[in-house]
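One-letter residues, chain by chain:
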Amino acid sequence: SVTPFSYVATEINTHQIDFTTVNSLDAGDLVLVTFDADYDLIGAAFSSGNTGAALEVLGNDIVITLGTAIGALTPTTLTITGINNPGVQTTDDYIITTKKSTGEIRDQNSQVSGNVIVTGSLTSLSASSSVTEVSESIESTPYLQFDFTLAHDLPVGGYVKIEFDQEYEFQA
């Protein structure tokens, strides 16, 4: 399985890669994890699970060169940090492949379920309206001001959607 620590869109995230080998792997052999092309893997780094392992990013593949051997039928967990989640979507399935250092495929699972990436939550949300005095009459100035904090960065071209219930009436 491939399990992100967060399912929130565009968050920089840690992923846990869990698999059980069928065939043994030596130090220097490879574990490839293919991600949906919408993930940003540029900042990916190996965190834990195999002493001395190294990580390389090739397109939408994370390639881990093992630092220590993994025996046949061994449950293994590798942890990768610095992966930037895509926008809101259900991602494509992952592919986990083990290879000898010569390139020979040892084990593969091409049906590792993708994940549902969800929207972030706004915090500290408040709305206010005001009444302004104009000459000798009072005119209601219909404006709403929204103050909030984003859970993550809003990309250029992104937007914040605010929905009102049916009791509000707007006029141009």
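Here, the structure is the one placed above.
Let us look at the structure shown here. (Residues numbered from 1 in each chain as written. Predicted model: local features only at pLDDT ≥ 70, side-chain atom pairs only at ≥ 80, totals over all residues. Heavy atoms only, no water.)

## Notes on the sheet that holds strand β4 (residues 45-48)
Pairing is antiparallel across the open sheet formed by four strands, whose spatial order is β1-β2-β7-β4. The sheet is open, and its two edges are formed by β1 (2-4) and β4, each paired on a single side. Averaged over all adjacent pairs, the angle separating strand axes in this sheet is 30°, with direction ignored. (Pairing = 2+ DSSP bridges. Helix = DSSP H or I, 4+ residues; strand = E, 2+ residues; numbered from the N terminus. Axes fitted to C-alpha atoms, helices over the stretch in contact; angles between N-to-C directions.)

## Let's talk about the pattern of salt bridges
In the structure shown here, the tally under the stated rule is three salt bridges. Its salt-bridge partner being K100, residue D26 comes within 2.9 Å of it at the nearest N-O pair. One end of the pair, D26, is in the loop between β2 (12-20) and β3 (30-34); the other, K100, is in the loop between β9 (94-99) and β10 (105-112), with 74 residues separating them in the sequence. Among the salt bridges present, the one from R106 reaches E104, with a minimum N-O distance of 3.5 Å. Accessibility expressed as a relative area gives 44% for E104, which makes it partly exposed. Within this structure, D26, D29 and K100 form a network of salt bridges that share partners. (Salt bridge = Lys/Arg side-chain N within 4 Å of Asp/Glu carboxyl O. Buried < 20%, exposed > 50% of the residue type's maximum accessible area, 1.4 Å probe, protein only.)

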